[in-house]
Amino acid sequence: MHFWFRLFAVCCCLFTFREQARASHVVGGDLTYKHIINDSFEVTLTLYIDCINGIPAAIAQDADAMLGIFDTSGTLIRTMLENRSLPTRINSVSLDCVLPPANACVDKYTYTFNTTFAYRPGGYYLAYQRCCRNNTIKNIIQPQSTGATFWCYVPDSAWLNGYNSAAVFKTLPPNYLCANRAFSYDHSAADADGDSLVYELYTPYLGGGTGNTLPRPPGGPPYQPVSWIGSYNEQQMMLGNPELTIHPKTGQINVTPTATGQYVVGIAVKEYRNGKWINTTRRDFQFNVFNCVVSIVSSFVKDIKACSDTIQFTNSSAGATTYFWDFGDTTKLSDTSSVFEPVYIYGRTGTFRIKLFARDGNCVDSSEATVFIDSDKGAFAIPDTIICPGDSIKIGSNDSIGFSYVWQLGLYLDSPFISNPTSRPPRSYQYTVTRTSELCVNVDTVKITLKDLNPEFSVSLVNGCKDATLLVTPAVPYPTQLWKISDTLFSKQQLEVYKLAYNRQVGVKLIVSDNQCWDSLVKYIKPVFVDSFTTVPNVFSPNDDGINDCYRIEHISLATDCSRLKVYNRWGTLLFDSDENGECWDGKSNGAVVSEGVYFYILTHRSKDYHGTIKLIR
């Protein structure tokens, strides 16, 4: 009887120890690796353990950890065993001046493995598995019998395109969140290789189970995700308003939890090199939400966007007696205030990080928010300006970041939709431009005036026998004044005594400058001699009666070198020559009166000879 009793007692003890060893205590963890040199790597496993609800015997079993190394088919290549570090107590709360709950406790353990990985097509999978999770978790099915797998991938591209180290989360978020209090946290990672990082939420993975609480070796990939309970899922890992989100580029976590309890969450960061995915670091973690009792809360309006450089801040803090604002404006020496609800004028546009410190004695709470200033005031086109005809000019500004532009009507521009277009107007023209940003619409105008030198000149001609004499006079004198006739250039204020041939058109160009602009005017001149001479009279009567006593040709001046009249008798004797005897013939030759009769004349007029007879009657 004693034997059976003792056997029963031993079995009970063994059963009790086994139950304790698989008792729920895993809160979360992550697995990363770091390239040291050549094929040497350092692998780090971090486990988060419930140090109140976790059974000591189960926690004691984790004194060492076995890591499995697998190929891409899931075949185990080898294992590694390493002891853990001393625990670090994780006891942070999302708000200052709040004590963590007395019935909650989390310890952090670290396992560091130093190993080598030779090149292998497809790379390696590293994994650790443990059961079970904290049985008070609310968002997954049967957490007390649900284990966890912490795994990562070492890609073969790390050898082919340069070795790779996994991205590592910079810090650990508070494991205690206050219900109905906004929580924002920078959960970004650092990457030693400078790879591009993208953040997302993910569903944590199963590992182990009640039948195998500490798999040694761990199972190979692929790994199965945990099962969410009820309405919980990857997009709603905990009840919140707003719900839990992570910014894909910055890793910023935001949530306002609305229900107390413990929630499993999965946060991942993906590495991309040259546009290709190479690895993912995953953090499987537990948030504990409880009703916080705070003595002081710093709070103000979040994420302000304004089309103004002047911001009125609204303070919704509670329990504080003094306040300190830091407006994050590096353009000013003084960008702080101790006023409860200050008004601040920013020195530039852009994004600013605002901090509010609320204090009551030694208790201080702080909060942060972003202010985006899209102020767009005043002129952004160039001032009204005067340009020379034919010139071009840039009429806007080079500040095109975040703005779109429309220039109405867009005439004479190289583009009506850029910030600083080039204008080449053929006449004076005014532009209206609309600049639009995310919040602001601003309108400006610019008038481009073409300087009008208005060169003008007058032309006069003096007829000559064979050509005309040109005289040109400018209407307004300019500092620089040039004349161009045909291909000849003259630098004179007034151009005169220039001979022009009759019946031949020529361009007369005046070029002027006021020492800034040039302009010109062309006039086309064609001298035409209008000759009123039509006929030569053929009879005259020099009888001293005062009528037709002297032979002359109307509209011809024989006193000039343009015309010449010679009179001959029938024997060819020259009786009269206008070049020697004057403008008209008085019927005499060498002072002697000639007799009545018919005489012959030769009239040379403008290089043309006319022949005929003159009848003299007394």
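Not measured: the values here are computed from a predicted model.

A. Quick peek at the overall build of the protein. On a plain count of helices and strands, the protein comes out with four helices and 44 strands. Here the C-alpha atoms of the protein give a radius of gyration of 54 Å, more than 25% beyond the 25 Å that 2.2 N^0.38 yields for 618 residues. Along the first, second and third principal axes, the C-alpha set of the protein runs to 195 × 65 × 40 Å. Out of the 618 residues in the protein, the part that is buried amounts to 45%. Partitioning the contacts of the protein with sequence separation of at least 6, the portion at a separation of at least 24 is 63%.

B. Representation of the sheet that holds strand S11 (residues 183-186) within the structure. Strand order across the open sheet formed by three strands is S11-S15-S14, with antiparallel pairing between neighbours. Two strands bound the open sheet, and with one partner strand each, they are S11 and strand S14 (245-246).

C. Quick look at the nonpolar core. With 42 residues, the main nonpolar core has Met238 and Leu244 as its most contacted residues. For this core, the secondary structure elements donating two or more residues are strand S10 (176-178), S11, strand S13 (196-201), strand S15 (252-255), strand S16 (261-273) and strand S17 (276-290). Ignoring sequence-local partners within four residues, the contact set of methionine 238 consists of Leu177, Tyr232, Leu244, Val255, Pro257, Tyr263, Phe287 and Val289. Counting 28 residues, the second largest nonpolar core, distinct from the first, contains Tyr33, Leu47, Tyr128 and Leu214.

D. Structural detail: empty space enclosed by the protein. Under the counting rule described, the total for this entry stands at two cavities of 30 Å³ or more. Here the largest cavity is characterised by a volume of approximately 50 Å³. Around the largest cavity, the lining residues are Gly29, Asp30, Leu31, Thr149, Phe150, Trp151, Tyr202, Tyr205 and Arg282. Breaking the lining of the largest cavity down by element, the ones donating at least two residues are strand S1 (26-37) and strand S8 (148-154). Per-class residue counts for the lining of the largest cavity are five nonpolar, two polar and two charged. Here the second largest cavity is characterised by a volume of approximately 30 Å³. As for the second largest cavity, its lining consists of Val27, Asp50, Ala104, Cys105, Val106, Asn134, Gln262, Gln286 and Asn288. Its residues placed into classes, the lining of the second largest cavity shows four nonpolar, four polar and one charged.

E. The pattern of salt bridges, seen in detail. The final tally for this structure, using the stated rule, is 14 salt bridges. Of the charged contacts in the structure, one is a salt bridge between glutamate 200 and lysine 270, with a shortest N-O distance of 3.4 Å. Pair noted here: glutamate 200 is in strand S13 and lysine 270 is in strand S16, with a separation of 70 residues, a long-range link. Overall, lysine 270 belongs to the partly exposed group, its relative accessible area being 23%. When salt bridges with common partners are traced through the structure, they connect Asp193, Asp195 and Arg273 into a single cluster.

F. Region of the structure containing the environment of leucine 489. Counting through the fold element by element, leucine 489 comes out in strand S34 (residues 488-490). Linking leucine 489 and isoleucine 246, residues 243 residues apart in sequence, is a C-alpha distance of 78 Å. Among all residues touching leucine 489, those that are not within four sequence positions of it are Leu482, Trp483, Lys484 and Ile511.

G. Local environment of the confidence of the model for the protein. Mean pLDDT for the protein: 87, with 94% of residues reaching 70 or above. Here helix H1 (residues 2-21) is the element of the protein with the lowest mean pLDDT, 34, and S13 is the one with the highest, 97.

H. The sheet that holds S34, seen in detail. Taken together, four strands build an open sheet; the order of strands is S34-S33-S36-S37 and the sheet is antiparallel. Taken across any chain shown, the strands that pair with only one partner, and hence form the sheet edges, are S34 and strand S37 (518-525). Going from strand to strand, the sheet's axes swing by 20° on average, the running direction of each strand aside. Here strand S33 (residues 480-485) runs beside strand S36 (residues 506-513); their pairing, made up of six bridges, is antiparallel. Bridge pairing in S36 places leucine 482 opposite isoleucine 511.

I. Summary view of the side chain of aspartate 549. The residue aspartate 549 is located in the loop between strand S38 (539-540) and strand S39 (563-568) in this model. Here aspartate 549 occupies a buried position and makes no salt bridge, while the nearest side chain of opposite charge, arginine 618, is found at 7.9 Å. Within the structure, the side chain of aspartate 549 is placed 3.4 Å from the backbone nitrogen of asparagine 543, a separation counted as a polar contact. Separated by 3.2 Å, the side chain of aspartate 549 and the backbone nitrogen of aspartate 544 make a polar contact. Among all residues touching aspartate 549, those that are not within four sequence positions of it are Phe540, Ser541, Pro542, Asn543, Asp544, Trp585 and Asp586.

Conventions adopted
- Residues numbered from 1 in each chain as written.
- Predicted model: local features only at pLDDT ≥ 70, side-chain atom pairs only at ≥ 80, totals over all residues.
- Heavy atoms only, no water.
- Helix = DSSP H or I, 4+ residues; strand = E, 2+ residues; numbered from the N terminus.
- Rg over C-alpha atoms; globule rule 2.2 N^0.38 Å.
- Buried < 20%, exposed > 50% of the residue type's maximum accessible area, 1.4 Å probe, protein only.
- Contact = heavy atoms within 4.5 Å.
- Pairing = 2+ DSSP bridges.
- Core = buried A, V, L, I, M, F, W, Y, C linked by side-chain atoms within 4.5 Å.
- 1 Å grid on protein atoms, 1.4 Å probe; cavity = no way out; pocket = protein on both sides within 12 Å on 5 of 7 lines; lining within 4 Å.
- Points joined across faces, edges and corners; volume = space filled by probe spheres on them.
- Nonpolar A, V, L, I, M, F, W, Y, C, P; charged D, E, K, R; others polar.
- Salt bridge = Lys/Arg side-chain N within 4 Å of Asp/Glu carboxyl O.
- pLDDT = per-residue confidence, 0-100.
- Axes fitted to C-alpha atoms, helices over the stretch in contact; angles between N-to-C directions.
- Lys, Arg positive; Asp, Glu negative; His and termini not counted.
- Polar contact = N/O pair within 3.5 Å; in protein donor to acceptor, adjacent residues only side chain to side chain.

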